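Here are the chains, one letter per residue:
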Amino acid sequence: MAKNPNRPLSPHLQVYRWSPQMAISIFHRATGFVLATAGMMTLLWWLSAIGGGAESYATFQQYVVSAGADGTALQIASNWFFRLVALAVTFSFFQHLASGLRHLVLDIGAGYELKTNRLWASVAFVAAIFATALVALIVASRFLGVL
Amino acid sequence: MDSRTYIGRVRGLGSAKHGGEHWLKQRLTAIGNILLTTWFVLSLLMIPSFDHAALAQWLAQPLVAVPMILMIANIFAHARLGLQVLIEDYVHDDGLKFAAMTLLNFYVIASAVFGIFVVAKLAFTGAPA
């Protein structure tokens, strides 16, 4: 069937006022995508670096964790890139977990009342942000010597 | 060619009996992921040292290698189901959709096999010097 680009489209995201219930749905997708790509690729790199031996793990550390005092510009840039990735993946993990748990509750038919639905959508966001902050604090104090 | 409408073609044939399969698999792998990633996050927090030797020893233990392999398999199964829905929702051209689905399957299967192989090799033969 030929597609006619002039056919009317139903209104999409731009016409709705954002609400927690709506945001959590799109965040579930976006965070799932981040986890499936950046998250899993970094995990596989970490695992294969461990399996590859001390030298291969040192390369992983130089590029992902910390280049050290004599790191190249590329390694230092890569460190900052992976710090952002780590933050995004950590938040994505907790966000996807929290809204996934919410989905499982909705799947048994509970939590559809307007106020309840809105409340738990907001709680999932707050829980994810809180957990991400907690992990960031632990990492900062244990590995980066910030605290 | 069949000139009947889509609804006319399927009416009276009953359901294909696997309409709930994708939905159910997504939930089952989600529950598996909750258990396995909770184990993984708690393990990461409890690892005493992130030196290579310590990590290799940690990962080679049966009680770490087995859940790690399960987690890799389960996460990629869940990711396949989720990314499939993304493609179905956003890629409308049939040819592009077919290409995207093929790439998705290559990506998840190759990644999962790679990860499982890495962990299994370390568990069976130990870390290279």
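Below, the structure is looked at part by part. (Residues numbered from 1 in each chain as written. Chains lettered and ligands numbered in written order. Predicted model: local features only at pLDDT ≥ 70, side-chain atom pairs only at ≥ 80, totals over all residues.)

**What to know about the overall build of chain A**
And step 1. When helices and strands are counted, chain A shows four helices and zero strands.
And step 2. Tracing chain A from N to C terminus, the helices and strands come up as α-α-α-α.
And step 3. What you see for chain A is a C-alpha radius of gyration of 20 Å, clearly larger than the 15 Å of a compact globule of 147 residues, by over 25%.
And step 4. A principal-axis box enclosing the C-alpha atoms of chain A has dimensions of 60 × 45 × 25 Å.
And step 5. Buried positions account for 23% of the 147 residues belonging to chain A.
And step 6. Of the contacts formed within chain A by residues at least 6 apart in sequence, a portion of 63% connects residues at least 24 apart. (Helix = DSSP H or I, 4+ residues; strand = E, 2+ residues; numbered from the N terminus. Rg over C-alpha atoms; globule rule 2.2 N^0.38 Å. Buried ≥ 20, exposed ≤ 12 C-beta atoms within 10 Å, placed from the backbone. Contact = placed C-beta atoms within 7 Å.)

**Re helix α3 (residues 52–60) of chain B**
And step 1. Listing the buried residues of α3 of chain B in full gives H52, L55 and L59 of chain B. Mapping the buried residues of α3 of chain B onto a view down its axis gives an arc of 65°, with all of them on the same face.
And step 2. Buried positions along α3 of chain B lie against α1 (20–52) and α2 (54–65) of chain A together with α4 (62–90) and α5 (94–125) of chain B. (Arc of directions from axis to C-beta.)

**Considerations on the nonpolar core**
And step 1. Ranked by size, the top nonpolar core spans 35 residues in total, and within it I50 of chain A together with L59 and A79 of chain B carry the most contacts.
And step 2. Broken down by secondary-structure element, the contributors of at least two residues to this core are α1, α3 (73–107) and α4 (114–142) of chain A together with α3, α4 and α5 of chain B.
And step 3. Ignoring any residue separated from it by four or fewer positions in sequence, one finds A79 of chain B in contact with A36 and M40 of chain A together with V108 of chain B. (Core = buried A, V, L, I, M, F, W, Y, C linked by C-beta atoms within 7 Å.)

**Remarks on the packing of α3 of chain A against α4 of chain A**
All names here are of chain A.
And step 1. Interaxial distance between α3 and α4 falls to 8 Å at its minimum, and their mutual angle equals 145°. α4 is crossed by α3, and the crossing has right-handed handedness. In this structure, α3 contributes L87, T90, F91, F94, Q95, A98, S99 and R102 to the contact, and α4 contributes W120, A121, A124, A127, A128, A131, T132, V135 and A136. (Axes fitted to C-alpha atoms, helices over the stretch in contact; angles between N-to-C directions. Left-handed = near helix turned anticlockwise from the far one by under 90°.)

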